[in-house]
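In case you want the letters, here they are:
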Amino acid sequence: MSIEQDQLRLLPSVDELLQSLAGQQLIQRYSRPLTLRALRATLTQARNAIRQGATCPPYESLLNEAEQLLAREQQPALRPVINATGVIINTNLGRAPLSQAALEAVQRVAGGYSNLEYDLEEGERGSRHTHVAELLKELTGAEAALVTNNNAAAVLLALSTLASGREVIISRGQLVEIGGGFRVPDVMRQSGCQLVEVGTTNRTRIDDYRAALSERTALLLRVHPSNFHILGFTESTPLQSLAELAHQHNLLLMDDLGSGCLLPSERYGLAHEPMPQESLAAGADVVCFSGDKLLGGPQAGILVGKAEVLKRIARHPLMRAVRIDKMTLAALEATLRHYQRQEAETHIPIWRMIALSPAKIAGRAASWAASLQQRGIPARTQRGESTVGGGSLPGETLPTTLLALDAARMPVPLDELAKRLRTRPTPVIARISRDMLLLDPRTVLKEQDEEVVRALVEVVGG
Ligand SMILES: *Cc1c(COP(=O)(O)O)cnc(C)c1O
């Protein structure tokens, strides 16, 4: 008999492993079918290794293998990552982190029943929109407000109600692709309206809109070109002129702001991001924006505007298909309250990141570098730029200090390092630029500082 067959014969059976104390503990924790599957996979692996010349591993290491396999399988598929990219509203990484108050609000509402659609005064059916409508009216000066699942849904719903089967006039310079291949004009066409594009990519005048008016026109639409910037010989029509033209002809003006910013972004050294209250003041009948871009809340779509127009929108059958859920609503209300209490800058994570002082960031980067140097890892800091991201403030950057690891001084190539960082149980997402791995403290939550250093020590060392 060959050595290989001897070794194969030494392998325990699945039943033996299942009946061991450690096997029973795995069953307790992960269920019998999952344990069985993991043990079978482990035994198959061991059998293959023996055929390659290995010896039969001890029982404990087989059980250990199986346990690690189970732990890996049971890791949540959707899990937290540390964003060291310096892109504050990072759509791929879940856009805006929620404030503590928003998290607590979700927790309070999600684990039990709530007055989601129940009027406690009257003891009868209520509307889920009332929970945030008053706040939104107060913050934007609108007559009425409605919320949906996201802003794309808000656009679809508004156009379906107001312009289905009719024409919507839009500037060619505003036909935006939001990312992930989604184009705003495609979403708009789904509402059954016909887009009438006017002007050129760089210039659109009020006369272009006027010339396009017909008896089929339902509304004029402005879309904020949120994720790109045209420089040079450009001209766009002020919202106020569009409102005047629309109203002269008994038409509506809708403004898709994309990000929708309730704080004056210029206060933070950024360009001015248009605010919903400005659009309403300029005469827009409906203004829509996202909950999880510069608002810094949960994924949601927000519609504010004229009461009579929003009433029609609220009655459209699609309203039910795009309705907001209770967890989102709880987080949105808590987020809006930060604005009401004038504490957005200190309580909403994205605004805290935007407002971080250059000295604070430099201090954190220097402290990361020092911790790494102490452990023999050559790290340094350098000046760089953070971006707002998420389809807002294109081209706008905030000065930052980055932690930099130079490729020439690392034991493995940078893409391997970046991959090791990404594939840890708590992934750290960094960026590679030229021959450097760069990490920006601005988007790393303060309580994650130690984990970033631990991760770097781990991946450079291992
Ligand atoms: C981001 C964006 C949208 C879509 O908003 P979501 O909340 O992601 O659905 C629509 N229009 C514009 C102009 C945007 O920038």
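Values in this document were obtained by computation on a predicted structure and should not be read as measured data.

(A) Representation of the pattern of salt bridges in the model. Throughout the structure, instances matching the rule amount to 24 salt bridges. Taking the shortest distance from any N to any O, the salt bridge between R341 and E343 comes out at 2.9 Å. Judged by relative accessible area, which is 14%, E343 ranks as buried. Connected via shared salt-bridge partners are R424, E450, E451, R454 and E458.

(B) Up close: the environment of V322. Within the secondary structure, V322 is located in the loop between α14 (318–321) and α15 (326–340). Assessed through its relative accessible area of 9%, V322 is described here as buried. Expressed as a C-alpha distance, the spacing of V322 and A152, which sit 170 residues apart in the sequence, is 9.7 Å. Beyond its immediate chain neighbours, meaning those up to four positions away, V322 contacts T148, N149, A153 and L157.

(C) How the structure looks around the sheet that holds strand β8 (residues 194–198). Ordered by their spatial adjacency, seven strands build an open sheet running β4-β12-β11-β10-β9-β5-β8, and the pairing between neighbours is mixed. Unpaired on one side and paired on the other, β4 (144–148) and β8 mark the two borders of the sheet. In this sheet, adjacent strand axes meet at a mean angle of 25° when their direction is disregarded. Relative to β8, strand β5 (residues 167–171) runs parallel, the two sharing five bridges. Counted as the bridge partner of E167 is Q194 from β8. Packed onto the sheet, helix α7 (residues 130–140) meets β4 and β12 (301–305) and runs at close to 120° relative to β4. Packing against the sheet, helix α8 (residues 151–163) makes contact with β4, β5, β9 (217–223), β10 (252–258), β11 (286–290) and β12, and its axis sits at approximately 170° to β10.

(D) Here's a closer look at the domain arrangement of the protein chain. Each domain of the protein chain was delimited in the assignment, giving domain 1 (3–74), domain 2 (82–91 + 351–461) and domain 3 (98–343). Of note, the centres of domain 1 and domain 2, computed from C-alpha atoms alone, are 40 Å apart.

(E) Up close: the packing of aromatic side chains. Scanning the entire structure with this criterion turns up one aromatic pair. Ring geometry for Y268 versus W351: centroids 5.3 Å apart, planes at 45°, classification tilted. Of this pair, Y268 sits in the loop between β10 and α12 (276–281) while W351 sits in helix α17 (residues 349–355), and the two are 83 residues apart along the sequence. The burial state of Y268 is the same as that of W351; both residues are buried.

(F) The packing of α7 against α15, seen in detail. Their axes nearest at 10 Å, the elements α7 and α15 cross at an angle of 30°. Considered as vectors, α7 and α15 are oriented roughly parallel to each other. In this structure, α7 meets α15 at a crossing whose hand is left-handed. Contacts between α7 and α15 involve H131, V132, L135, L136, E138 and L139 from the first element and L329, L332, E333, L336, R337, Y339 and Q340 from the second. For the contact of α7 with α15, a count of residues per class yields eight nonpolar, two polar and three charged.

(G) Structural detail: the pairing of β5. Extensive coverage of β5 is indicated by the burial of five of its five residues. With burial as the criterion, each face of β5 is covered, one bearing E167, I169 and S171 and the other bearing V168 and I170. Judged from the four bridges that link them, β5 and β9 form a sheet pairing that is parallel. Paired with V168 across the strands is L219, a residue of β9.

(H) Highlighting the state of the cysteines. On inspection of all chains with the given rule, the structure shows zero disulfides. Lacking any disulfide linkage, C261 is separated from the closest cysteine sulfur, that of C288, by 15 Å. In this structure C288 is not part of a disulfide, and its nearest cysteine sulfur, from C193, lies 13 Å away.

Definitions and cut-offs
Residues numbered from 1 in each chain as written. Predicted model: local features only at pLDDT ≥ 70, side-chain atom pairs only at ≥ 80, totals over all residues. Heavy atoms only, no water. Salt bridge = Lys/Arg side-chain N within 4 Å of Asp/Glu carboxyl O. Buried < 20%, exposed > 50% of the residue type's maximum accessible area, 1.4 Å probe, protein only. Helix = DSSP H or I, 4+ residues; strand = E, 2+ residues; numbered from the N terminus. Contact = heavy atoms within 4.5 Å. Pairing = 2+ DSSP bridges. Axes fitted to C-alpha atoms, helices over the stretch in contact; angles between N-to-C directions. Domains from an automatic or database assignment. Phe/Tyr/Trp six-rings, centres within 6.5 Å; stacked < 30°, edge-to-face > 60°. Parallel < 35°, antiparallel > 145°, perpendicular 65-115°, else oblique. Left-handed = near helix turned anticlockwise from the far one by under 90°. Nonpolar A, V, L, I, M, F, W, Y, C, P; charged D, E, K, R; others polar. Disulfide = S-S within 2.5 Å.

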